[in-house]
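The chain contents come next:
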Amino acid sequence: MFELIGIPPQALFGQLLLGLINGSFYALLSLGLAVIFGMLNVINFAHGALYMLGAFVAWFLLQYLGLGYFWALILSPVIVGGVGIVIEKTMLSRLYKLDHLYGLLLTFGIALILEGGFKHEFGVSGQSYPVPSTFAGGTNLGFMFLPYYRGWVVLLSIVVCLATWYAIEKTRLGSYLRAATENPRLVQSFGINVPVMITMTYGVGVALAGLAGVMAAPIYSVNPLMGSNLIIVVFAVVVIGGMGSIFGAVVSGYMLGILEGLTKVFFPEASNIVVFVIMVVVLLARPAGLFGRER
Amino acid sequence: MFKKALLAGVALSALATSAMAAGLSGDKVVVGVLTDLSSIYADVAGKGSIAAAEMAVADYGGKVLGKPIEILTADHQNKADIGANIAREWIDSKGADVLVDLVTSSVGLAVQGIGGEKGVVTINSGAATVRLSQKECTATSFHWMYDTYSLAHVTTPTVVAEGGDSWFILTADYAFGHSLEADASAVLKDLGAKLVGTVRHPFPSADLSSFLLQAQASGAKVVALANAGQDTINSVKQGSEFGIVAGGQKLVALLAFLSDIHSIGLELGQGLLVTEGFYWDLDEETRAFSKRFQEKFGKPPTMVQAGVYSSTLHYLKAVEAAGTDEGKVVAAKMKELPIKDPVLRNATIGANGRVLHDMYLFQVKTPAESTGEWDVYKPVKTVPGAQAFQDPKQSGCALAQ
C-alpha cells in the first residue's frame with residue numbers, strides 16, 4: 001500500500017474528517033463567543049457551562065418529558081438562551097461601564113456555580129444520551145467508517161455558522177447591531193432600542209452554545225465537566241481567529257479541529273496542546289489574531 | 001527449639017505489655033477518609049467512600065476498646081500536594097490513626113509515604129498503581145482491592161485463550177495508564193500473543209475517536225483500553241459509534257468500575273469484559289451488605305467503596321485485638337488477623353501490605369439479560385488471590401524479602 005507522509009492515506013483522510021467534526025463544535029462555540037465579545041465586549045467564561053446546560057436540558061427533556069433529540073434541538077437552545085437573557089438582564093448589564101475584567105470574573109463565577117451545582121446533583125460519570133434512531137448506524141467511505149450522526153453534526157454546524165454570519169453581516173438587523181457596538185448613543189438616537197438588542201445578542205450567543213450542547217450529547221456522555229474540558233480550547237480558537245471576528249471564529253474553529261486531528265496521527269501525546277502552540281505563534285506574529293482588527 | 005519458643009514468648013509478651021501501656025492516643029480512634037469529592041473519580045470513590053466508612057464504624061458498634069471512633073473527611077481534588085497537606089494536618093493536629101480510600105495513584109503514593117514516615121496506617125482501596133506494594137511499601141501501608149498487576153493478569157489470559165491473540169492498547173498518558181500498559185504487555189509476551197500497537201492519548205480526553213480509528217485500522221483482534229473513568233466511558237461509546245465491535249474486533253476495558261458501566265449503559269456496554277474485586281451480586285452476604293449500603297447511599301457500592309468498608313472494619317478489629325492504636329503494632333496485627341467481612345473472599349495480607357483475595361472477571365450483560373438498573377454483570381471466572389496478584393516475594397518490597 002502506498003503511503004502519504006509516512007501514514008496510510010486511509011488513516012490520514014479519516015483523521016481529516018474527524019478533525020472537521022471536532023472543528024464543528026469549536027466553530028459553533030467560538031462563534032457564540034465571538035458574537036458576544038464583538039457586540040457586548042464581554043469575555044463570556046460561562047460559555048462552556050451553558051454548553052453543558054444545553055446537553056443537560058436535552059437529557060432532561062428525554063428523561064422526564066419523553067421529548068426526543070429533534071425537540072431538544074429546538075427547545076434546548078431556547079431554554080439556554082432564556083437563561084442567558086436572565087443572566088444578562090440581572091447581572092451582566094450592570095457591569096458594562098466597568099473594565100472587561102469584571103465581566104470575565106462574573107461569568108467565570110457563574111460557570112463555577114453551574115458546574116458545581118450539576119456535579120453535586122448528578123455526579124461526574126455522566127448520563128448517557130442515545131444517538132437518535134434517524135441517524136443510527138453509519139456508512140463505509142472506503143477510507144473510514146462514518147457514523148451518520150457525525151455527518152449530520154458537520155452539516156448542521158456549517159448551516160448554523162453560515163446563517164449566523166449572514167444574519168450579522170448581511171441583514172438590516174445585523175447592521176443595526178454592528179452600528180450599535182460602534183456607537184450605541186448614536187444608534188439609540190435613531191429610535192432603536194439598544195439595550196434590548198444587546199440582551200437579545202447575549203441570548204442568541206449562548207443559545208448557540210446550548211445548541212452545540214445538544215449536538216454533543218449523543219457523542220460524549222452528558223456530564224458536568226464537559227464544558228470546562230472544552231472551553232479553554234475554544235478560547236484559544238477565538239484568540240487565534242481574532243477576538244470578535246465572526247468569520248475568524250468559524251474558519252479557525254474548523255481549521256484547528258483539522259490540525260488537531262492530524263496531530264493525533266503524527267504525535268498523539270501533543271494533540272491537546274497543539275492548539276495552544278498555534279495560539280502562541282499567531283499572537284507573536286499577529287497580536288490581533290488571524291482575522292481580527294486592532295482596536 | 002525450646003530456646004526459640006522462649007524467645008518468641010518473651011518477644012510477644014513484651015509487645016503485649018507495650019501495647020497495653022500504649023492504649024489509645026487521644027482517648028479515641030480517628031479514621032480519616034481522604035478521597036476525591038469533586039473531580040473525575042468522585043463517583044468511583046467520593047461520598048460513597050465516606051458512607052462506607054461510616055457504615056463500618058456503625059457496624060462495629062461505634063466504639064473500640066470502649067472509646068469513641070471519629071471520622072474525618074476531606075477532598076484531595078486528585079492533587080498529590082493537597083492530599084499530602086491534608087494527611088500531614090490530620091496526623092499532626094487531629095490525631096488521625098488511619099487514612100483510608102486514597103483514590104488516585106499519585107495521591108496514594110504521596111500519602112502512603114507520609115504514613116510510613118509518621119507510623120500511621122494507610123489503606124489504599126482506590127488507587128491502582130502496583131508501586132504501592134512494591135518498592136514504595138511501608139511497614140504501615142496496605143493496598144486493599146485491586147492493582148494494575150491484577151487487572152492485567154485476570155483479563156488478558158482469558159481474552160487470549162478465547163482466540164484474541166493480537167492486541168492494540170489505547171493508553172491514558174499518565175502514570176496509571178503506563179503502568180497498566182506495561183503489565184498487560186508483559187502478560188501478552190508471556191502468553192505468546194502479539195502486541196500490534198499502542199497509542200497514548202492525553203488524559204483526560206473527551207474525543208477518543210481518532211485513537212479508536214487507529215486501533216480499528218491496525219486490524220488487531222482485541223482493542224484494549226488502559227484508561228479509566230470518563231476516558232473509558234467515552235472510548236466505549238465512541239468505539240461503538242465507529243463500529244469497532246460490529247466490525248469484529250473485541251473491546252476490552254482493563255479497568256472499569258460499576259459506576260462507569262452504569263453510565264455507559266448496557267446497550268453500548270454489552271459483551272465488555274471487566275475485572276473487579278467486588279460486585280454486589282456475588283452471593284447472599286454481598287447482596288445483604290450492598291442492600292444496606294444502597295439504603296444509606298442510594299446506589300450499590302463500587303469496588304473502591306466496598307474496599308473502604310472492608311478495610312476500615314478490619315482496622316478496627318486489629319485495634320481491638322492489639323489493644324492500642326499505635327500504627328506499627330496495629331499494622332502487624334492486621335497482617336496476622338484473618339479478614340472476615342461481607343466484601344472479600346479468601347483474603348490474606350502479604351508482608352508487603354498487599355491484600356490477596358479472589359478477583360472476578362465479568363462480562364457486561366445484554367439489556368435483555370438484565371433485570372434491574374444495577375444488574376449489569378454476569379460472572380465469567382473467579383481467579384484466586386495467589387494467581388491474580390503479584391507474589392509479595394517478587395514485589396521488591398523490603399518487608400517481604
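The rules behind the values
- Residues numbered from 1 in each chain as written.
- Chains lettered and ligands numbered in written order.
- Predicted model: local features only at pLDDT ≥ 70, side-chain atom pairs only at ≥ 80, totals over all residues.
- Heavy atoms only, no water.
- Helix = DSSP H or I, 4+ residues; strand = E, 2+ residues; numbered from the N terminus.
- Rg over C-alpha atoms; globule rule 2.2 N^0.38 Å.
- Buried < 20%, exposed > 50% of the residue type's maximum accessible area, 1.4 Å probe, protein only.
- Contact = heavy atoms within 4.5 Å.
- Areas by Shrake-Rupley, 256 points an atom, 1.4 Å probe, with all protein chains shown as cover.
- Buried area = accessible area lost by both parts, 1.4 Å probe.
- Salt bridge = Lys/Arg side-chain N within 4 Å of Asp/Glu carboxyl O.
- Polar contact = N/O pair within 3.5 Å; in protein donor to acceptor, adjacent residues only side chain to side chain.
- Nonpolar A, V, L, I, M, F, W, Y, C, P; charged D, E, K, R; others polar.
- UniProt positions renumbered as here; feature names shortened; annotations may be inferred.
- Axes fitted to C-alpha atoms, helices over the stretch in contact; angles between N-to-C directions.
- Parallel < 35°, antiparallel > 145°, perpendicular 65-115°, else oblique.
- Domains from an automatic or database assignment.
- Pairing = 2+ DSSP bridges.
- Right-handed = clockwise from strand over helix to strand, strands pointing away.

**Looking at the overall build of chain A**
- Across its full length, chain A holds 11 helices and two strands.
- Along its sequence from the N terminus, chain A presents helices and strands in the succession α-α-α-α-β-β-α-α-α-α-α-α-α.
- Relative to its length of 295 residues, chain A is compact, with a C-alpha radius of gyration of 19 Å against a globular reference of 19 Å.
- Taking the principal axes of its C-alpha atoms as reference, chain A extends roughly 70 × 50 × 35 Å.
- The burial tally for chain A puts 53% of its 295 residues in the buried class.
- For chain A, the proportion of contacts with a sequence separation of at least 24, taken over those separated by at least 6, is 77%.
- If you sum the accessible surface of chain A, you get close to 13,100 Å²; carbon and sulfur atoms cover 70% of it.

**Quick look at the interface of chain A and chain B**
- Of the residues lining the interface, 29 residues belong to chain A; the matching set on chain B comes to 28 residues.
- Interface area for chain A against chain B, summed over the two sides, is near 2,400 Å², with a carbon-plus-sulfur share of 50%.
- Among the residues of chain A in contact with chain B, Val 124, Ser 125 and Lys 264 of chain A are the three that bury the most area, contributing 21% of the side total.
- One salt bridge connects Asp 207 of chain B with Lys 264 of chain A, and the closest N-O pair in it is separated by 3.5 Å.
- Across the chain A-chain B interface, the total number found is nine residue pairs in polar contact (both at pLDDT 80 or more).
- In terms of residue count, helix α1 (residues 9-40) of chain A provides more of the side of chain A that touches chain B than any other element does, four residues in total.
- Within the side of chain A that touches chain B, the residues separate by chemical class into 13 nonpolar, 12 polar and four charged.

**Thoughts on the UniProt feature "domain: Leucine-binding protein" (unreviewed entry) in chain B**
- Per the UniProt record, "domain: Leucine-binding protein" (unreviewed entry) is annotated on residues 29-365 of chain B.
- Secondary structure within residues 29-365 of chain B divides into 45% helix and 20% strand; the distance between the first and last C-alpha atoms comes to 43 Å.

**Thoughts on the packing of helix α5 (residues 148-170) of chain A against helix α8 (residues 194-216) of chain A**
Residue and element names in this part refer to chain A.
- At their nearest, the axes of α5 and α8 sit 11 Å apart, and the two run at 170 degrees to each other. One way to sum up the angle between α5 and α8 is to call them roughly antiparallel. Taken together, the residues of α8 that come into contact with α5 (itself represented by Tyr 149, Val 153, Leu 156, Ser 157, Val 160 and Thr 164) are Leu 208, Leu 211, Val 214 and Met 215.
- Within the contact of α5 with α8, the residues separate by chemical class into eight nonpolar, two polar and no charged.

**Topic: the domain arrangement of chain B**
Residue and element names in this part refer to chain B.
- Each domain of chain B was delimited in the assignment, giving domain 1 (29-146 + 282-358) and domain 2 (149-276).
- Taking only C-alpha atoms, the centre of domain 1 and the centre of domain 2 are 29 Å apart.
- Listed as interface residues are 14 residues of domain 1 and, on the opposing side, 16 residues of domain 2.
- For the pairing of domain 1 and domain 2, the buried interface totals around 1,200 Å² over both sides, and the portion due to carbon and sulfur atoms is 73%.

**Let's talk about the pairing of strand β10 (residues 250-253) of chain B**
All names here are of chain B.
- Taken together, the four bridges between strand β9 (residues 222-226) and β10 define a ladder with parallel strand orientation. Opposite Val 223, over in β10, you have Leu 251 as the bridge partner.
- Crossover connection from β9 via helix α8 (residues 229-241) to parallel β10: handedness right-handed.

**Overview of the UniProt feature "transmembrane region" (unreviewed entry) in chain A**
- Within this structure's numbering, the places UniProt gives as "transmembrane region" (unreviewed entry) are residues 12-35, 42-62, 68-87, 99-118, 149-168, 194-219, 231-254 and 266-285 of chain A.
- Regarding residues 149-168 of chain A, the helix share stands at 100% and the strand share at 0%, and the terminal C-alpha atoms are separated by 29 Å.

**A look at the sheet that holds strand β5 (residues 121-124) of chain B**
All names here are of chain B.
- If you trace the six strands from one edge of the open sheet to the other, you get β2-β3-β1-β4-β5-β6, paired in mixed fashion. Both edges of this open sheet fall to β2 (63-64) and β6 (141-143), since each of them pairs with a single strand only.
- Both β2 and strand β3 (residues 67-75) contribute to a ladder of two bridges, which runs antiparallel. Looking across to β3, one finds that Lys 63 is bridged to Pro 68.
- Contacting β1 (29-35), β4 (98-101), β5 and β6, helix α4 (residues 105-118) crosses the sheet at an angle of about 160 degrees to β5.

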